[in-house]
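Commentary on secondary and tertiary structure
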Amino acid sequence: DVVKYLTIQMSKLYQNNAQVALKVAACFGTEFDLVTFKKAKVTGVALEQFLPTLSSSGFLSETSPGKFQWAHDQVRQAAYDLIPPQKRKMFHLLIGTRLLMYTPEEQLEECIFDIVPHMALGHEYLTSESQKCEVAELSLLAGKRAYRSLSYPSAVNYFNSGINMLPASCWERQYKLSLNLHDMAIKTAYCVGNFSQLCTLVSTVLSKGKTLEDKLDAHNSQVRYLNSTGQCEGAISQCLVVLEELGEKFPQDLTDEIEVEYMHVKGLLATRTSNDILQLPVMGDDRKLAAMEFLSLTQAACSNTRPQLGVLAIIRMVKMTLEWGLCDVSAFSFAAYGGFLVSPVNQDFEGSYQYGKIGLKVLDKFSCKGQNRLVARVYNMVFGTINVFREPYQASLDNLKDGYRDGCQSADLEYAYLCLQKHSVLQIHSGGSTLTKLEQELTSSAINAEKYGQTAALLSIVVWLSAVLEIKDDSSRENPYMTYLNCTEDALLQQQVSQKNLNFCHSLCNKQKFTCLLKGDLDGAIHYYNMSLKYPHSKWAQSTSTILGDFLDGIIAFTCAQKHQSDEAYWKNIGLKAIEHFQKLVESSEWNFSHKLYLLEAEHHALKGNDEAALQKYDLSITTARKHRHLQEEGFALERAGNYHLHKGRHGNALSKFSSAKECYERWGAHSVKNRMAAKCRELSY
C-alpha cells in the first residue's frame, strides 16, 4: 500500500511540527497558497518555515511564488492519514477557526471559501447555539458568493450546511438568519432542479414566516417551479392568492374587464411618448413592486391555458407602471403588451414593435454593468414573438441565444429555455441552420432542460426534435418522446388536453402537418388539420407556430380544392382566408412572409386554371425564398411548382423543379424529402 508506506516514512522522517505542517497542508486539498496557510496557526510555531523542507523532499512543489501543490494525490492522502481518523473533524474545525480569527473583516467574503468547508466538517463539535449560528452565518455568506458566481451545486451545499447547523429554536431566536438561509436554499434548489427539496423548504417558510413580505420569495420560487414543470393551474392559483393579499383582485368575468381596463390603459398610453415613459419616476412602493413581480408570473402561467387572464395581468402591469413608476419588471410589461398587440384580436404590428423597443430601453435603464435579471423574459417576448412580424427571422437568432445565456446567469431558467426553444423553432421556419446542426442543438437543449426540470420548455423542444428526426429520416435515434418524456406523442397530446393546454396541442398538430406535407402525405396532413380544429389556438396570443399553421392550412386547403370535388368551396374558403392573413403579414414584414404569400397565391391561380399567373407566382415564391435565405421553403416552393407542371403534363419542367428541390432539401439535410424528390426525378427520367 503506497499511501500507508508514505505515511510511515513521513512519521519517521520529520519532527512533530513538520508533521503538523504536513497535516495542515493536506487539509487544504491538492493545492494551497502561502497566505492562507500562514493563517492556520494551529500551534505556536510558524509552520510555513517547514514548507521549503517539504518541497525539497518532493512532497510538495512551489508552482509559483507563494503557490504550492502536492506532488501526487497519494502523497497528500498519506499526509492526511497522519491525522488520527477520530480527530480529523476537530482538526478541520481548528483550522477553520484559525482562518476566521486571522482574516480581516474586509477580506472575509474573499476568503470565505477557504474557511467554511473546514467549519462544516467539524460542525458536530460546536457546542453552543451562538457558535452554530455564527457558522451558519458564514455558510450563508459562502452560499451567496457561490450563487452569484453561478456555482449553484456548491451554493446548495453551503445553504444546506447552514440550515443543518441551525438550532431547533432557530425560527424563534434567529428568525432573520433562518429566513435568509431557507430563501436562498429554495432559489438554488430551483436552479439545480431539486424540486422535492424546494417544496419541503417552501413549506417550512410558509408555515414559519411571520408576514406576507417574508413569504414572498418562497411563493415566487414555488410559482416558478410550478410554471417550469407545466403545473400551470397550481401556479395561477398561487399567484392569485398572493396578488389578492397585495390588493390586486381579479374578477370572474374577464372579457368585460379586459375591454374596460384595456381602453383605460390605451388612453393613458396615447398621451405619452416613448421618452415620457422612460422619464417616469422609479417605483418605490414595496407592495406594488411585489405585485408587478407576481403579475409577470401570472402572465407566464396563463400563456397556454388561460390566456385571457394573462392579458389582464399584462394590462395591469402597464397600468401600475404608468401610475406608480418604473421598475425592472416594467421592461417585461411593455414587451408583453407588445406581444398582446400582435395577437389575432389586434394585429397591430407597428404598435407592438414600438412597445417592444420601449421594453428594451427600460431593460437597459435598469441594467447594471450589462446585467439584468429580466433579459431572458424580455428577449423571449421581443425577439421570439414581436420582432418576427417586422424584422427578418435571422435577426432574432443571436438575441435569443443571448437571452438563454443571460437567463442562465440570472437563474431565470424558465425563460432561458424558452429563448432556446424559440431559437430552434425560428431556425426551422427560416432554414437558418442545417438539420444536423439543429438536431444537435435541440438534443443539447432537451438534455439540459430535462436535467434542470424545465418541463414546459422541454415539451416543445422534444416536439420539434421529433420533427427534425422524421425529416432527416434518422432511424438510428430512439424516439425523443420516450427518451425525455417517457411517453408517446399521442399520450403527450392526451395529457395536455386533460390539462387544457390547447395552444400546445394546436402547435403539436402544426408540427405534424409540417412533417406530413414534407413527406408527401396529404392524407396525414388533412387528418392533423381536422384534429387541430379541436384545439383552437387562442385569439389572445400569437406565435411563430400559428404563422406556420395558417400557411400549412392554406396549402392543404388549396391542394384539396384542386381535386374539384364536392367540398371544393369549403377548402377554397380556408385557402382564401390564409391568403388574406398573409397579405396583412406582408405589410409588416415582406422578408419573412412574401414567399409564403406568393406560394398561396400560386396555388389559388392553379385552382382557377390561370396558368400564366400561377407560374409567375410560383417563380416569385422560389426566387423570394432564395433571396431571403429560407432554404427549406425554397425547396418546398420548387416542389409545389414541380407538382403543378406535372399536373399540366409538362414533364421536362417538372423534372427541372424536382431536381432543384432535391438540391435544396439535400443542403438542408432533409434526407427523407430529398429521397422522395430523387424518386420523382427517376420516375420522370424514364
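In the block above lies the structure referred to throughout.
Here goes a summary of the coordinates provided.

Calculation notes
- Position numbers for residues count from 1 along each chain, tracking the sequence in the order it is written.
- Two thresholds apply to this predicted model, a pLDDT of at least 70 for residue-level local features and 80 or more for giving and counting side-chain atom pairs, whereas whole-chain, interface and lining totals are computed over all residues.
- With hydrogens and water excluded, all non-hydrogen atoms of the structure serve as input to the side-chain values.
- A run of H or I in DSSP becomes a helix once it reaches four residues, and a run of E becomes a strand once it reaches two; helices and strands are each numbered from the N terminus.
- A 1.4 Å probe rolled over the protein chains alone gives each residue an accessible area, and that area as a share of the maximum for its type sets the label: buried under 20%, exposed over 50%, partly exposed in between.
- Should any heavy atoms of two residues lie within 4.5 Å, those residues are counted as being in contact.
- All accessible areas in this document rest on Shrake-Rupley with a 1.4 Å probe, and a residue is counted as covered only by the protein chains that are shown.
- In this charge count, Lys and Arg are treated as positive and Asp and Glu as negative; neither His nor the chain ends contribute.
- In this description, the location of a charge corresponds to atom NZ of lysine, CZ of arginine, CG of aspartate or CD of glutamate.
- Helix span, as expected, comes to 1.5 Å for every residue beyond the first.
- The arc in question is formed by the directions pointing from the helix axis toward the C-beta atoms.
- One bridge is not enough; two strands pair if DSSP finds at least two bridges between them.
- Axis angles are defined between N-to-C directions and span 0 to 180 degrees, where every axis is a line fitted to C-alpha atoms and, for a helix, only to the segment in contact.
- Should an angle fall under 35 degrees it is taken as roughly parallel, and over 145 as roughly antiparallel, whereas 65 to 115 is taken as roughly perpendicular and any remaining angle as oblique.
- A clockwise turn of the near helix away from the far one marks a right-handed crossing, whereas an anticlockwise turn of less than a right angle marks a left-handed crossing.
- Residues enter a nonpolar core if they are buried and are Ala, Val, Leu, Ile, Met, Phe, Trp, Tyr or Cys, with the set joined through side-chain atoms within 4.5 Å.
- The salt bridge definition used is simple: a Lys or Arg side-chain nitrogen within 4 Å of an Asp or Glu carboxyl oxygen.

1. Quick notes on the overall build of the chain
Within the chain one finds 36 helices and three strands. For the chain, the residues scored as buried account for 57% of the 686 residues in total. Intrachain contacts of the chain at a sequence separation of at least 6 include 67% that bridge at least 24 residues. Carbon and sulfur atoms make up 49% of the accessible area of the chain, which amounts to about 28,800 Å² in all. Taken together, the 71 basic and 74 acidic charged side chains of the chain have centroids lying 3 Å from each other.

2. Quick notes on helix α12 (residues 195–208)
In this model α12 runs 20 Å from its N-terminal to its C-terminal C-alpha over 14 residues, within 8% of the 20 Å that 1.5 Å per residue would give. Buried within α12 we find Phe195, Gln197, Leu198, Leu201, Val202 and Val205. Along the long axis of α12, the arc covered by the buried residues comes to 145°, so they all point the same way. Across α12 from its buried face, at more than 90 degrees, point the exposed residues Ser196, Thr200 and Ser207.

3. Some words on the pairing of strand β3 (residues 67–70)
Residues Phe68 and Trp70 of β3 are buried on one face, while the alternating residues Lys67 and Gln69, pointing to the opposite face, are not. Inspection of the sheet shows strand β1 (residues 31–33) paired to β3 by three bridges, in the antiparallel sense. Residue pairing for β3: Phe32 is matched across the bridge by Phe68. As judged from the four bridges shared by strand β2 (residues 60–64) and β3, these two strands associate in the antiparallel manner. Paired with Ser61 across the bridge in β3 is Gln69. Here β2 hands over to β3 after two residues, with Gly66 in that stretch at a positive phi of 80°.

4. Examining the packing of helix α31 (residues 568–588) against helix α32 (residues 590–608)
Running from amino to carboxyl end, α31 crosses α32 at an angle of 155°, the nearest separation of the two axes being 9 Å. Accordingly, the angle class assigned to the pair α31 and α32 is roughly antiparallel. Seen from above, α31 lies across α32 with left-handed handedness. Seen from α31, the contacting residues are Glu568, Lys572, Leu576, Ala578, Ile579, Phe582, Gln583, Leu585, Val586 and Ser588; seen from α32, they are Glu590, Phe593, Ser594, Lys596, Leu597, Leu600, Glu601, His604 and Leu607.

5. Description of the sheet that holds β3
Adjacent strands of a sheet form backbone hydrogen bonds with each other and so pair up, either parallel or antiparallel. A sheet is described by the order of its strands in space; here three strands give the open sequence β1-β3-β2, paired in antiparallel fashion. With one partner strand each, in any of the chains shown, β1 and β2 form the two edges of the open sheet. Direction aside, neighbouring strands of the sheet carry axes that sit 30° apart on average.

6. Things to note about the nonpolar core
Core analysis: the largest hydrophobic core is formed by 238 residues, its most contacted members being Val24, Trp70, Phe334 and Tyr337. Among all residues touching Val24, those that are not within four sequence positions of it are Phe37, Ala40, Val42, Leu47, Phe91 and Ile95.

7. Here's the deal with the pattern of salt bridges
Taken as a whole, this structure holds 30 salt bridges when the rule is applied. Between Glu293 and Arg377 there is a salt bridge, and its shortest N-O distance comes to 3.1 Å. Note that Glu293 is positioned in helix α17 (residues 286–302) and Arg377 in helix α21 (residues 375–386), a separation of 84 residues in sequence. Each member of the pair, Glu293 together with Arg377, is buried. Between Lys617 and Glu601 there is a salt bridge; the shortest N-O distance is 3.0 Å. On the criterion of sequence distance, the pair formed by Lys617 in helix α33 (residues 611–627) and Glu601 in helix α32 is long-range, its members being 16 residues apart. Exposure remark for Lys617: the relative accessible area of 18% places this residue in the buried category.

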